[in-house]
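Overview (structure and organization)
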Amino acid sequence: MTEISTGTSTRKDMPGRLLRLLSLLQSRRDWRGAELAERLGVTVRTVRRDIDRLRALDYPVESTTGTTGGYRLTSGRDLPPLLLDDEEAIAVAAGLVTAAGGSVSGIEDSSRRALAKLERVLPARLRPRLAALGDLTASVPYRGAPRIDPAVLAVLASAGRDQRLLSFDYHDRAGATSPRRVEPHHLVSLQGHWYLVAYDPDRAGWRTFRVDRIERPVPSGRGFAPRDLPAPDPATFLRRSFAEASYRYTARMTVGLTADDLRGRLFAHLPGDVQDIGPDECAVRISADSAELVTQYIAAIAALDVPCALDAPAEITERLRGLARRLAR
């Protein structure tokens, strides 16, 4: 593409081009000059001039080293204007509305303040949509979900986005603490809990970490090459890791339903694995640290009034007998 940098049309388009350039810099950590030039339809020389104009407006744009050179929008003293299209603005508003009922500590008031600011600056055509979203949307918090420090979430997300090795102290479910060094991949929220999906090079495998058990996360200056997750998406990987994990209590059942039919008729996600073993039969493995939780899920499956058989520890079967006696009375 070519551009006459001294032409009248180029000077006329400059304000809009600067906004597009700022939007691109906000969307990704690093950009090569040639990439920006191609996106904007200008020359690399014009990109350099526009970067200088942004710097003159106090936007902290730094040059990066490399074979072709590039640019990065860094953190500064003030938050620069955030450029959003219509769909992005509504998506942010929906996130703010639902965040008020979430498990991130202190986010309720922050979400409401941010939503009010967003409403004031939105174009008139979007305000009715935002008002309807706020008036007709509610979020029910998960009971007993641990409260998460938003600063910790921000550190984990930034390390994953920038592909930086992350170090932290981790408390496992037995209460033991160990130092960890991982390649963060994704954050996943499930039933009020937050999990970090990451690759652990010291253990040569993928791991999931409860965010409320992570302390003192610190990104390093060392980067890593992204790896392919052994699942279609992070949520699927998380569910599979739960299904394969073994906890203190494990029960096995054979149920006269297909795996999909059983999942569809249960009231919540099953803490275990379900596999078809016949045209109308599946094998169920339920595992948890709580005997009460395992008992509840067995009772829920038994209440479906389909053929089933159970193999469970004595503590679980005794709880089920006690439940049957209480119901019979």
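Notes on the structure follow. Bear in mind the structure is a predicted one, so any value in this text is a computation, not a measurement.

Conventions adopted
Here the residue index of a chain counts from 1 through its sequence in written order. Totals for whole chains, interfaces and linings use all residues, but because this is a predicted model, local features are given only for residues with pLDDT of at least 70 and pairs of side-chain atoms are given and counted only at 80 or more. Excluding hydrogens and water, the side-chain figures rest on all heavy atoms present in the structure. The secondary structure listing takes helices from DSSP runs of H or I that are at least 4 residues long and strands from runs of E that are at least 2 residues long, numbered from the N terminus. Each residue is placed in one exposure class: buried if its accessible area under a 1.4 Å probe, protein chains only, is under 20% of its type's maximum, exposed if it is over 50%, and partly exposed if it falls in between. Whether two strands pair comes down to DSSP finding at least two bridges between them. The term salt bridge refers to a pairing of a side-chain nitrogen on Lys or Arg with a carboxyl oxygen on Asp or Glu at a separation within 4 Å. Working rule for contacts: check all heavy atoms of both residues, and any pair within 4.5 Å makes them a contact.

Focus: unusual backbone geometry
Positive phi, normally seen in glycine, also occurs at Gln-163, with a value near 55°. Looking at the element boundaries, Gln-163 is found in the loop between α7 (150-162) and β4 (164-171). You can call Gln-163 partly exposed: its relative accessible area is 31%. Of note in the backbone geometry, Asp-305 takes a positive phi value of approximately 60° without being a glycine. Looking at the element boundaries, Asp-305 is found in the loop between α10 (291-302) and β12 (308-311).

Concerning the pairing of strand β3 (residues 70-73)
What you see with β3 is no split at all: Gly-70 and Arg-72 on one side and Tyr-71 and Leu-73 on the other are buried throughout. Strand direction decides the pairing type here: strand β1 (residues 31-32) and β3, joined by two bridges, are antiparallel. Bridge pairing in β3 links Trp-31 to Tyr-71. In the sheet, strand β2 (residues 61-64) pairs with β3 via four bridges, with the strands oriented antiparallel. Its bridge partner being in β3, Val-61 is matched across the sheet by Leu-73.

Observations regarding the pattern of salt bridges
Under the defined criterion, the tally for this structure stands at 17 salt bridges. Note that Arg-263 and Asp-260 form a salt bridge whose closest N and O atoms lie 3.3 Å from each other. Here Asp-260 and Arg-263 lie together in helix α9 (residues 259-265), a separation of three residues that amounts to about one turn. Owing to a relative accessible area of 44%, Arg-263 belongs among the partly exposed residues under this scheme. Measuring nitrogen to oxygen at the nearest pair gives 3.7 Å for the salt bridge that ties Glu-318 to Arg-321. Taken together, the positions of Glu-318 and Arg-321, both in helix α11 (residues 314-328) and three residues apart, correspond to about one turn of that helix. Linked through salt bridges whose partners overlap, the residues forming this network are Arg-17, Asp-50 and Arg-53.

Remarks on the environment of His-185
With respect to the helices, strands and loops of the structure, His-185 is situated in strand β5 (residues 177-190). Given a relative accessible area of 29%, His-185 falls into the partly exposed group. C-alpha separation for the pair His-185 and Gln-163, spaced 22 residues apart in sequence, amounts to 8.2 Å. Ignoring anything within four residues of it in the chain, the contact list for His-185 reads Val-197, Ala-198, Trp-206, Arg-227, Leu-229 and Pro-234.

Topic: the environment of Leu-36
In this structure, Leu-36 sits in helix α2 (residues 33-40). Put simply, Leu-36 and Leu-25 are eleven residues apart on the chain and 8.9 Å apart in space, counted from C-alpha to C-alpha. Once residues within four sequence positions are removed from consideration, Leu-36 is found in contact with Leu-21, Leu-24, Leu-25, Trp-31, Val-47 and Tyr-71.

A short note on the environment of Arg-319
Here Arg-319 shows up in helix α11. With a relative accessible area of 36%, Arg-319 lands in the partly exposed category. Considered as a pair, Arg-319 and Val-294 are 25 residues apart in the sequence and their alpha carbons are 10.0 Å apart. Beyond its immediate sequence surroundings of up to four residues, Arg-319 is in contact with Ala-291, Glu-292 and Thr-295.

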